[in-house]
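Coordinate analysis (summary)
Chain by chain, the residues:
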Amino acid sequence: MEFGKLLEKRRSVRRFLDKQVPREVMEGILRQALTAPSARNTRSTRFMVVTDRNTIEKMASVRDYGAGFLAGAPAAVVVMGDTSASDLWDINCAISATLLQLACVDAGLASCWVHMAGRPRRKDDPQGESAENYLRSLLPIPAQYRVECIIALGYSDFTPAPLPPHDDSASIIWAD
Ligand SMILES: Cc1cc2nc3c(=O)[nH]c(=O)nc-3n(C[C@H](O)[C@H](O)[C@H](O)COP(=O)(O)O)c2cc1C
């Protein structure tokens, strides 16, 4: 897909069809996302792919705000960083996750980011259980991996409009 079109089509989608993503399609987009640049080429990002419906439903309560829609996703990719490979694991993860979302668009899939790093499970209990700790109770996440986010993905018949025009002129500073 032409790059401008790809960017235009990328929107967060939180409603999915009840249709599995073929394994070879999943494999393809994950490998594309792993081409992301990483600090000192440490390639510290790891993906854990979850397709079991019961597990994904449990993952939807990873946070009591902004994660409930996960329950309707046919696939969830946990984006993790190997802390033994890079101290910049979180930044490496964010770049890989972004590429994954763009790869989704190119493959005709829709996706949305569910943030994990530093987030509590319950909004009104910021010092309570972390979202990551709860996720660890569901999935075999190695101790040296930290979780950045979950990318919910699948097919959707919902086509959001392109982002409305935004005046970004203040975000670009020409030092000359
Ligand atoms: C770092 C980050 C964290 C996000 N966390 C969540 C989240 O926890 N739940 C959610 O529904 N959307 C989440 N989003 C999606 C944003 O809400 C969305 O990207 C933003 O509103 C812009 O909309 P768009 O992606 O359709 O352009 C997150 C996006 C990013 C980049």
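With that settled, the discussion passes to the packing of aromatic side chains. Two descriptors summarise a pair of aromatic rings, namely the distance from one centre to the other and the angle between the planes of the rings. This model, assessed by the stated rule, comprises zero aromatic pairs. Here Lys-19 stacks its cationic end above the ring of Tyr-155, 4.3 Å away from the centre of that ring. Its end group placed over the ring of Tyr-134, Arg-121 keeps NZ or CZ at 3.7 Å from the ring centre.

What follows is about the pattern of salt bridges. Applying the stated rule across the entire model yields seven salt bridges. Close ionic contact of Arg-46 with Asp-82 constitutes a salt bridge, the shortest N to O distance being 3.5 Å. Of this pair, Arg-46 sits in strand β1 (residues 45-50) while Asp-82 sits in strand β2 (residues 75-82), and the two are 36 residues apart along the sequence. With relative accessibility at 26%, the residue Arg-46 sits in the partly exposed group. Across the pair Glu-129 and Arg-121 runs a salt bridge whose closest N-O atoms are separated by 3.3 Å. Taking the relative accessible area as the measure of exposure, Glu-129 reaches 35% and is therefore partly exposed.

Running from N to C, helix α2 (residues 23-33) and helix α4 (residues 89-106) cross one another at 140°; their axes reach a closest spacing of 8 Å. Of the possible angle classes, the one that applies to α2 and α4 is oblique. Viewed along their axes, α2 and α4 form a crossing whose handedness is right-handed. Of the residues in α4, those touching α2 at Ile-29, Leu-30, Gln-32 and Ala-33 are Ser-96, Leu-99, Leu-100, Ala-103 and Cys-104. Here the contact of α2 with α4 is composed, by residue class, of seven nonpolar, two polar and no charged.

By rolling a water-sized probe across the atoms, one finds the places where empty space is left. The computed volume of the largest pocket comes to approximately 310 Å³. Looking at the largest pocket, it is lined by 17 residues, and the ones nearest its centre are Lys-9, Leu-109, Phe-158, Thr-159 and Pro-160. Elements represented by at least two residues in the lining of the largest pocket include exactly α1 (3-9), α4 and β3 (110-115). A breakdown of the residues in the lining of the largest pocket according to their chemical character gives eight nonpolar, five polar and four charged.

Turning our attention to the nonpolar core. Within the largest apolar cluster, 28 residues are counted, with the highest numbers of intra-cluster contacts made by Met-59, Val-62, Val-78, Leu-135 and Ile-150. For this core, the element with the most residues is strand β4 (residues 145-154), which contributes four residues. Residues contacting Val-62, with those up to four places away along its chain left out, are Ala-67, Val-114, Met-116, Arg-121, Ala-131, Tyr-134, Leu-135 and Ile-150. One finds Val-21, Leu-100, Ile-151 and Tyr-155 within the second-largest nonpolar core, a separate group that totals 20 residues.

Time to look at the side chain of Glu-148. Inspection of the secondary structure assignment puts Glu-148 in strand β4. Excluding residues within four positions of it along the chain, Glu-148 makes contact with Val-79, Trp-89, Asp-90, Cys-93, Ala-94, Trp-113, His-115, Met-116 and Ala-117.

Glancing now at the site of the ligand. Taken together, Arg-10, Arg-11, Ser-12, Arg-14, Arg-63, Gly-66, Phe-69, Cys-112, Trp-113, Val-114, His-115 and Leu-163 form the complete shell of residues around the ligand. One nitrogen or oxygen atom from the side chain of Arg-11 is found 2.8 Å from an oxygen atom belonging to the ligand. In isolation the ligand has 620 Å² of accessible area, and contact with the protein removes 61% of it.

With that out of the way, let us pick up the sheet that holds β4. The sheet built from four strands is open, its strands ordered β1-β2-β4-β3 with antiparallel pairing. Only two strands of the sheet have a single neighbouring strand rather than two, namely β1 and β3. Here the strands of the sheet are splayed against their neighbours by 25° on average, with no regard to which way each runs. Of the strand pairs in this sheet, β2 and β4 are connected by eight bridges, and their pairing is antiparallel. Paired with Ala-76 across the two strands is Ala-152, which belongs to β4. Most of the contacts of α2 go to β1, to which it runs at about 165°, and overall it touches β1, β2 and β4.

Criteria and thresholds
Residues numbered from 1 in each chain as written. Predicted model: local features only at pLDDT ≥ 70, side-chain atom pairs only at ≥ 80, totals over all residues. Heavy atoms only, no water. Phe/Tyr/Trp six-rings, centres within 6.5 Å; stacked < 30°, edge-to-face > 60°. Lys NZ or Arg CZ within 6 Å of the ring centre and 35° of its normal. Salt bridge = Lys/Arg side-chain N within 4 Å of Asp/Glu carboxyl O. Helix = DSSP H or I, 4+ residues; strand = E, 2+ residues; numbered from the N terminus. Buried < 20%, exposed > 50% of the residue type's maximum accessible area, 1.4 Å probe, protein only. Axes fitted to C-alpha atoms, helices over the stretch in contact; angles between N-to-C directions. Parallel < 35°, antiparallel > 145°, perpendicular 65-115°, else oblique. Left-handed = near helix turned anticlockwise from the far one by under 90°. Contact = heavy atoms within 4.5 Å. Nonpolar A, V, L, I, M, F, W, Y, C, P; charged D, E, K, R; others polar. 1 Å grid on protein atoms, 1.4 Å probe; cavity = no way out; pocket = protein on both sides within 12 Å on 5 of 7 lines; lining within 4 Å. Points joined across faces, edges and corners; volume = space filled by probe spheres on them. Core = buried A, V, L, I, M, F, W, Y, C linked by side-chain atoms within 4.5 Å. Near = heavy atom within 4 Å. Polar contact = N/O pair within 3.5 Å; in protein donor to acceptor, adjacent residues only side chain to side chain. Areas by Shrake-Rupley, 256 points an atom, 1.4 Å probe, with all protein chains shown as cover. Pairing = 2+ DSSP bridges.

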